[in-house]
Structures are given as structure tokens and as C-alpha cells.
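Residues per chain are reported as follows:
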Amino acid sequence: MIEFAAFAAGPVVGKHLADHGATVVHIESKVRPDGFRAHYPPYKDNVHGLNRSGLYALCNNDKLDITLNLKKAPAGTELAKKIAAWADVVIENFSPGTMGRLGLGYEELSKANPGLIMLSSSNLGQSGPHAHHAGFGSQLSSLAGFTHLTGYPGGSPQILYGPYIDYIAVAYGAVAILAALDYRRRTGKGNYIDAAQYETGLQYLAPILLDYKINGRVAERNANRNPHAAPHGAYPCKGDDRWCAISVSNDYEWQALVKAMKNPSWAKKFATFEARKVNEDELDLLVGEWTRGFEPRELMETLQKAGVKAGVVNRMCDVYEDPQLKQRPQWVELEHPEIGKMHYQRPPFLLTKTPPGPAKRDPLLAEHNEYFYCELLGLSEEEYKKLVDEQVIY
Amino acid sequence: MAVGDKNQGLLSPFRVLDLTDELGFLCGKILGDLGADVIKIERPGGDPARRFGPFYKDQRDPEKSLYWFGFNNNKRGVTLDLEKKEGQDLFAKLAAKADFVIESFTPGWLDKFNIGYGALSKNNPKLVWTSITPFGQTGPYAKFSASDIEIMALAGCMSLTGDPDRPPLRVTFPQSYSWTGSYAAVGALTAHYHQQLTGEGQQVDVSAQATLLWAFSHAHVFWDLNRHMEKRAGSFMTGRSITGAKMRVFWPCKDGYLNFIIYGGEAGRRTNQALVEWMDSKGVAPDFLKQKDWKTFDIAKVTQEEIDRMEAPIAEFFKGVTKAEFFKEVVKREMLGYPVASVKEIFEDPQHAAREFWRELEHPELGVKITYPGPFARFTNGACDLWRRAPLIGEHNEEVYCGELGLSKSELGRLRREKII
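Structural notes, computed from the coordinates.

Basis of the calculations
- Residues numbered from 1 in each chain as written.
- Chains lettered and ligands numbered in written order.
- Predicted model: local features only at pLDDT ≥ 70, side-chain atom pairs only at ≥ 80, totals over all residues.
- Helix = DSSP H or I, 4+ residues; strand = E, 2+ residues; numbered from the N terminus.
- Buried ≥ 20, exposed ≤ 12 C-beta atoms within 10 Å, placed from the backbone.
- Contact = placed C-beta atoms within 7 Å.
- Axes fitted to C-alpha atoms, helices over the stretch in contact; angles between N-to-C directions.
- Parallel < 35°, antiparallel > 145°, perpendicular 65-115°, else oblique.
- Left-handed = near helix turned anticlockwise from the far one by under 90°.
- Nonpolar A, V, L, I, M, F, W, Y, C, P; charged D, E, K, R; others polar.
- Pairing = 2+ DSSP bridges.

The secondary structure content of chain A amounts to 17 helices and 12 strands. Its C-alpha atoms give chain A principal-axis dimensions of roughly 85 × 50 × 40 Å. Counting across all 394 residues of chain A, residues that qualify as buried make up 58%. Taking as baseline every contact in chain A between residues at least 6 positions apart, the subset at least 24 positions apart corresponds to 67%.

Moving on, we come to the packing of helix α1 (residues 11-18) of chain A against helix α8 (residues 164-187) of chain A. Residues and elements named next belong to chain A. Taken N-terminus to C-terminus, the directions of α1 and α8 make an angle of 55°; their axes are 8 Å apart at the nearest point. Taken together, α1 and α8 sit at an angle that is classed as oblique. Along this stretch, α1 crosses α8, giving a crossing that reads as right-handed. Across the interface between the two elements, Val12, Val13, His16 and Leu17 of α1 pack against Tyr167, Val170, Gly173, Ala174 and Ile177 of α8. Among the residues forming the contact of α1 with α8, the class breakdown is 7 nonpolar, 2 polar and no charged.

A few words now on the sheet that holds strand β1 (residues 2-4) of chain A. The strands making up a sheet are joined through hydrogen bonds of the backbone, oriented either antiparallel or parallel. If you trace the 7 strands from one edge of the open sheet to the other, you get β3(A)-β2(A)-β1(A)-β4(A)-β5(A)-β6(A)-β14(B), paired in mixed fashion. Edge positions in the sheet fall to β3 (64-67) of chain A together with β14 (378-379) of chain B, since each of these pairs with one other strand and no more. Sheet analysis places β1 of chain A next to strand β4 (residues 89-92) of chain A, joined by 3 bridges and oriented parallel. Its bridge partner lying in β4 of chain A, Phe4 of chain A is registered against Glu92 of chain A.

Moving on to the interface of chain B and chain A. Facing 129 residues of chain B, the contacting portion of chain A comprises 125 residues. In terms of residue count, the dominant contributor to the side of chain B that touches chain A is helix α7 (residues 176-198) of chain B (14 residues). In the side of chain B that touches chain A, the residues fall into 75 nonpolar, 42 polar and 12 charged. Summarising the sheet, strand β6 (residues 191-196) of chain A and β14 of chain B pair through 2 bridges and their orientation is antiparallel. Within β14 of chain B, the position partnered with Asp194 of chain A by the bridge is Arg378 of chain B.

Bringing the sheet that holds strand β12 (residues 349-351) of chain A into the picture now. Taken in spatial order, the 7 strands of this open sheet run β12(A)-β6(B)-β5(B)-β4(B)-β1(B)-β2(B)-β3(B), and their pairing is mixed. Looking at the sheet topology across the chains shown, the edges are occupied by β12 of chain A together with β3 (76-79) of chain B. Sheet twist, expressed as the average angle between the axes of neighbouring strands with direction ignored, equals 20°. As defined by bridge partners, strand β1 (residues 15-19) of chain B adjoins strand β2 (residues 37-42) of chain B across 4 bridges and the pair is classed as parallel.

Here is the structure:
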């Protein structure tokens, strides 16, 4: 697989396939390295460097990294075509139309490689009046309705950290490639896949889209409230800014919670779901008074044992130490020459007979130029040197 | 657009048995979108998620849940009591011929009845069995129960959402189930591809908690690299500048909110320049903004003071702009930024109409066509689409049990009376 792709939406698709053994080549250029390398913190020790990016590392383990300067036409374009002819799958997330303008559209690339599968992952799709509007996932999460649903009623929408919707598109992009590979295996036919992050995001909101169309209701943000449960929220615990989520969906769970709280007299008032809903602010305060006496983990374990749903609000420092994530294990610690020890992330689905990586750290910029161009693509040493001298491989 | 031919679907030769609750609905739907024959197996009387709102015309009825409609279309449906011996036998028969099983029971529950992966893969070693649970099949939390909010909490997502002086938040409409279902589909298809190449099936162990680590995935890396902890910052973005400066993300406008961020890099340069030009065309761009050299503006080194000074006149300007005006201008001027859309504005977006995104599915028993979000991607060969509305309770019992397993109608009647189906 090759990636004419940067940031998250394209490369993390490749990462999931690399984690399962695919040969994935990430193509960049020294003229324009991956944006994560170039200008997107964190960098190790807050010192900027093209090989010090934590996000590049997270999204590109187990890949080869090569440079190719597409600004050097026609030699760069010809070389790109040659690489695409070598590949089973091309992933690109340039803004729509860019690959075509470079002479690297699907029609062109599939001439020499008719079974080629190419995924174009874009914000808004390859067609339509807004197709050429480029943007980042962090903002597309607003256009696609997610931030409207985050925050307090009547207050400002609140941020969903990072490019939330990019990683939704990652799942659908990987699904699309795997389905196309399977289809090609059976039919011999390649595929061009147009995946709009916007459209993948809306898959997650189907019920409230239907609600608007049928009932005219506009879904609004309502903090942690849930029409089917009460209490339902994050409750304070011992310590600085420590919280535990608790939810109660029925009377059995409520009775279990009351018992775990040692039957406080105030609980009688909240015996029915309706009573809990009508007095939910008061209920939250009273439950919060009780939870304050516990460490978050102690509270979660106490409640889970009692038959009540509860979960620690893990902080970013906690996710590497969380006993469940450690047990899976969800992280693989690998050594990187400039970053040092880094936690690389395993896929959230673990294939039990063919377990996934990460096995190798992310590559340095241009690390595999000679290996890829000479060994895998089959350029002669002279051809390779010439392209390096001409700054086509650059 | 009307529905197409499911036999054109990319995965049309394959059979999926879907025993999931809401945590896994989207996994089966995705395989169904790709044309696989997905049979949703519900308990007699119907899946508990049919009680989730919203409801068609606000009528609380297990056959009118829009939650059910939205995530279970492209599936057929049968009922089956897996706690009864005959139910277990029927399931084993179905599983012997299936390509995929997707389930979300508490780890070990199916094994108790000898119908877990271990037992059923003996007769069908090529089976791809995807188990979708909040925390995975093994480990200290394996038997914990969790709904959306506990998953969002334990994955760290809530620690990044909400105002710093108020409790951590989740997204009001549950997100973790969709995340988990869609990543489970990636796992199922990865195992499927391996199975098609080698004949070897396997169990895929999906964790919702692990899935949601990806949703806000950037944040934890700050801790890993530099022991800097990202936290919830309300409507501000952090982490772009090594000085710790926060950038405003949401700006009140005439009819709601806009999402606009002062970015760095090449894209930021263009946007910042274009915004200043737009403001200048209305005579409200202050000199210091007009004189700023965006080529040398370095977002990674910007201070809070500098950001605050830049944001003040921009905030004033946006107060007089509508969401629709903003959207039009950002497209025209090739700026980064979008309105904060509600479901209403999503339907109004001409992009979806131009791409013929929406699909209409017939609901004959309601006498209506309902509009659904369309395919998640467009393929030039083989189709991905919406084929059929979600099943009614036990709608395909006869089709599957009589038509495929060869039961007689009188046997079917008995199974129904004995509440096995």
C-alpha cells in the first residue's frame, strides 16, 4: 500500500493495515513533509524536529517512509506512477482534484494497474459544490453536527478534542479498502473509493437525523443528561479534579446504588424513574456528596461489585496505567532514535490467531528511500542516484 | 434516491449473524451496507434497544424506535431464545453456515450454553467471530458493565470535554457505540480477508474502551512525550503552541455559533490573510492585523497575549455574521472554518443534495418513506448502499427457519408458542 497522505485520516487507515502485516509506504517530500512532522505539537521535549513528532509516530508505526518531490514534473510524476503500478492500494487525502491535476488520478494510475484500489479520503467528498473546500477534521466535527451536541443547554458548544471526525473516517476508510480487496480477489476488479469524512460522520447520527426529518425535532446539547437514565453523569471524587461516571438505567440498578450508599434516608424520594428525572439536579448533588468520600477507582470497583455501572474518568496520564488497557495490552512501548521510549497504540480489535502489531517504530523522514526504490521498486543504483541528484527523490 | 440491488454489494456472497446490542449495531449495518446478508437475532419480544427513543411521530412502540431504524437497516431479523436448548440448537445450525458472527454478550455467557466461539468454530473453522464488549474478553474489567458514559470516561474522552470548573462531559447523543461498531467492522473484515486467503477463521476481540482511545487520540501523546497533561478547556483549543496558549474555537454569531481557529502553517496563513481581507472589505480590520506578516507567524510559538489581541476584533466581526453567510464566505475565500451545524442545517447543506447522499426507504407498515443518511463511501465497482429498512420483530422467522433451515410451518408455530422464537 502507498500513501500520498498526511495528518490522520489517510495515514491511520494505513496504520491499521500495517499493524496486520501489509507493506505500507508513506510518501512525503522534504519540500513538504507530513504536517504532523512540520507544525503540529507535541514534539519530544518541546523541541521541534521532523523526527520528533508524537502524532506522526502514533499514526505511522510499521511503515516505510520515502520522499518523492511531486513538484518536479515530469520526473516526479512518472516516478509516482511507477510506485502506484507496484501497489495494490493507494490512499490519498489531498484536497479533491489535486491528484488529478498532478496527473495521478485514478484513471491514469489504473492504466498500468487495472486492479488498483484507491481511496480518496476528503472532508466533503470528491464532487459537489463544496468539494474543493479544504479543511481540518477539528472543524468538520462542527459542520457535521457533533459540537452542537456537546456542552450545556443554552451555552457555547464545546470542543471535541483534536480532529474527532478524522478517526471516524479512518474506520470507514479501512472498511472500504478491505471490502474492495475482498471484492477484487473474487472478481479481479479494482476500485476507486470516494469517502467523505462528512458523510462518514453522519452515519453516527442517524437516529437524530431521522428525528428531525420525521418529528421536526432539532437535537440539542444537554451536558451529561440522558433521557433513559438518572442519575447519569460524572460525580466528584477524592483528589484534585477526579471524577467517576455513574449511570442508573432502571429501578434495580437504583436499588443497588441505594444499597451501596448504605440506604440514606433521602433516597426514598427518588424511588421511581420519574421522581429521579423530575428532581435530577438535587439527585446529582446528593449522589455527589456521597461519591466525594471515595477515590475514583475505589468507587468504580465498589459500584461495579454492587451491580451499578461506573467508570473512572481517566485522565491522559491514566490511560497508560489503566489496568485493563495494560492487560490487553493496548500499548506497545518501542524505542525511537529521537523520541526515546514511545507508547505505540494497538488496534482496538485484536485478532486472536493473527495478533496485530505494532512491531516497528515509525520511520524517520526518508528513512527507506534506498531500500524501497532499489530493493522493492527495482530501480538501478544509477537511476536512483540520478533521481536523488535531481531532487526528484527529495 | 431509491434503493438499488443488494446483489451488487461488495460483500453480497456473505452471511452475517448479528447478536449484538447497541454496542455492536453499526458493525452489522456496515457489513449490510456492503451487501452482506445480515440476520439480526433478537430475543423473543424484540431487542431492548427498541425502547430507545426518539420514536416515529413520538409514539413509544418497539416497532417505531428511530434509534433502531437508524442502526439496524440493511438487516433481516429473526427472534430466538438462546437460553433454551432448542434455541441454542437453531443458532448452532445457523452458525454452521455463516461467514460472520457478531456478538456483544458478557464474556463467557455464550460458552455457558456451549454456543460460544470455541464450540461453534469446531463445525465451522472458517467462521469469523467478532466479540464486541465494553472492555474486551479478558482482564480486570472484562465483566464490568458500562454504557456510553462509562466508556467515554474510562477511555479518557470525558477528561478532555467540558468547562474546567464543571464536571467532565460526554457528547449528549451517545458516540461510543457507533465508534465501537465501526471499528469492530474493520476487525471483522481484516479477519475475513485473512480467512479468505487461508481458510482460517478466528475470534476478534473488540474493546469499546480501546476504540474510544482513538476518538481524542492526540491528547495522550502530550503526556507520553513530555509529561504534559491535556485537560478539558471548554470552548478553547490547547496543544497547538508550546507556550501553552489557548485559541478560541467557538464564536457567537448572529444565529448561533461558528467554529473558527487561528491556525499556523501554510493553511493558516491563507485563512488568516483571507479573514483580514474579508474584515477589511467591511472596514473593520484593525491596522495591526492588516500589517501582520502571516508567512512568519508561528502558531507553535505564539503567546496568549498575542492570541488575545488578535481574537478581540475577530469576535466583534463574527457577531454580525450569520452561519449561512460564514459558510458561503469560507467556501468562496478558501478559508478554514465551519458553522456549528445542527441536524437542521445538515439537511439544508447543498453538498448532500448535489452528491445525492440521502436515501429513502419504504416503511410499508407505516405507509411512508423515511429519509436516511446514505452510503458511507462511493465505489466504482460493487455497491455500498441502503437496501432495506430495519426488520420488524421476528419479521424473517419463516423465511429463515422454514425457508433455509427447513422447519415446517407447524414446527414454527410450536416454537412460537413455546416462546423459543
